[in-house]
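# Fold and geometry: a report
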Amino acid sequence: MTTPEVTPLLERVQHDLEGRLQALDAPLDEAAMVGIHTGGAWVARALHQRLGLALPLGTLDIAFYRDDVGQAGLNPQVRPSSLPFDVDDRVIVLVDDVLHTGRTVRAALNEIFDYGRPAAVLLVVLVDRGGRELPFAADVVGTRLSLPRHRRIKLSGPEPLHFIIQDTA
Ligand code: 5GP
Ligand code: MG
């Protein structure tokens, strides 16, 4: 499998995101962007600069913890976050590096809705690696990869951003 280059993915995502924001009548000086710590925050920082967004970039820190109520698996938990804008009635662009089961996005949406009721949330990811366990799809995707569970696509950053495909087993 070839490892994707980050810059062409950012270019594609920027272009598609501009189209999605236009379709929502969301001017660039009113749209808010939130990156999921840490890979998503690096990607969000790059996109925020490319688009020249006016509002300060927000971040959400979602950590995984093992459920101790008897259920197997890992659950995402939100750590203190920074959303330095009013969420109510705003179009919010939620950015992550990789979309997999969808559990991180579920936790991120819960957190955003604790701050208010956005007009719309657009989900942007550089890589959709498949393997969804919850009913989420990204609005803007850089590329789709079908990665077996034991492999990970690791984003290194913040500068220069690049991907490495690793075995986790
Ligand atoms: P999910 O919650 O959808 O299972 O996983 C998405 C989150 O886990 C993202 O925040 C992403 O950074 C991380 N993640 C899941 N799979 C991978 C992967 O293969 N590579 C990297 N870099 N992150 C991953
Ligand atoms: Mg992550």
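Right, let's walk through the structure included here. Since we're looking at a predicted model, the values are computed, not measured.

Rules and cut-offs
- All residue numbers refer to positions counted from 1 along the written sequence of the respective chain.
- Labels follow written order: the first chain is A, the first ligand is 1, and so on.
- Only residues with pLDDT of 70 or above have their local features reported here, since the model is predicted, and side-chain atom pairs are shown and tallied only from 80 upward, although totals for entire chains, interfaces and linings are computed over all residues.
- Side-chain metrics rest on all non-hydrogen atoms present in the structure, leaving aside hydrogens and water.
- Only heavy atoms are used to decide nearness, and a residue is near a molecule or strand if one of them lies within 4 Å of it.
- N or O atoms within 3.5 Å of each other form a polar contact, as long as, within protein, one can give a hydrogen and the other can take it, and as long as residues adjacent in sequence are counted only when both atoms are side-chain atoms.
- Accessible surface is estimated by sampling points in the Shrake-Rupley manner with a 1.4 Å probe; for residues, cover comes only from the protein chains shown.
- A helix here means a DSSP run of H or I that spans at least four residues, while a strand means a run of E at least two residues long, and both kinds are numbered starting from the N terminus.
- To obtain each axis, a line is fitted to C-alpha atoms, and for helices this fit is confined to the stretch in contact; angles are then taken between N-to-C directions over 0 to 180 degrees.
- For this classification, under 35 degrees means roughly parallel, over 145 means roughly antiparallel, 65 to 115 means roughly perpendicular, and everything else is oblique.
- Throughout, a crossing is termed right-handed when the near helix is turned clockwise from the far one, and left-handed when it is turned anticlockwise from it by less than a right angle.
- Any two residues whose heavy atoms approach within 4.5 Å at even a single point are treated as in contact.
- Here the nonpolar group is Ala, Val, Leu, Ile, Met, Phe, Trp, Tyr, Cys and Pro; Asp, Glu, Lys and Arg are the charged ones; every other residue, Gly included, is treated as polar.
- Expected span of a helix: the number of residues minus one, times 1.5 Å.
- Relative accessibility under 20% of the residue-type maximum defines a buried residue, over 50% an exposed one, and the middle range a partly exposed one, all with a 1.4 Å probe and only protein chains included.
- Arc definition: directions from the helix axis to the C-beta atoms.

We now examine the site of ligand 1. Lining the immediate environment of ligand 1, one finds 14 residues, of which Asp-96, Asp-97, Thr-101, Thr-104 and Ile-153 sit closest. The side chain of Thr-104 places a nitrogen or oxygen atom 2.5 Å from an oxygen atom of ligand 1. Coverage of ligand 1 by the protein amounts to 88% of the 490 Å² it exposes when considered alone. The set of elements that each furnish at least two residues to the shell around ligand 1 consists of strand 4 (91-99), helix 3 (103-115) and strand 7 (151-156). A total of 4 residues in the shell around ligand 1 trace back to one element, the largest contributor, which is strand 7.

Here we come to the packing of helix 1 (residues 6-23) against helix 2 (residues 39-51). Relative to each other, helix 1 and helix 2 sit at 60 degrees, their axes nearing to 10 Å. Classified by the angle between their axes, helix 1 and helix 2 sit oblique to one another. Crossing hand, helix 1 versus helix 2: right-handed. Two secondary-structure elements touch here, helix 1 through Thr-7, Leu-10, Glu-11, Val-13, Gln-14, Leu-17 and Glu-18 and helix 2 through Val-43, Ala-46, Leu-47, Arg-50 and Leu-51. Its residues placed into classes, the contact of helix 1 with helix 2 shows 7 nonpolar, 2 polar and 3 charged.

Attention now goes to helix 3. At 3.6 residues per turn, the α-helix brings residues three or four places apart onto the same side. Between its first and last C-alpha atoms helix 3 spans 19 Å; for 13 residues at 1.5 Å apiece the expected length is 18 Å, and the two agree. Along helix 3, the positions that sit buried rather than exposed are Thr-104, Val-105, Ala-107, Ala-108, Glu-111 and Ile-112. Angularly, the buried residues of helix 3 cover 160 degrees about the axis, an arc narrow enough to put them on a single face.

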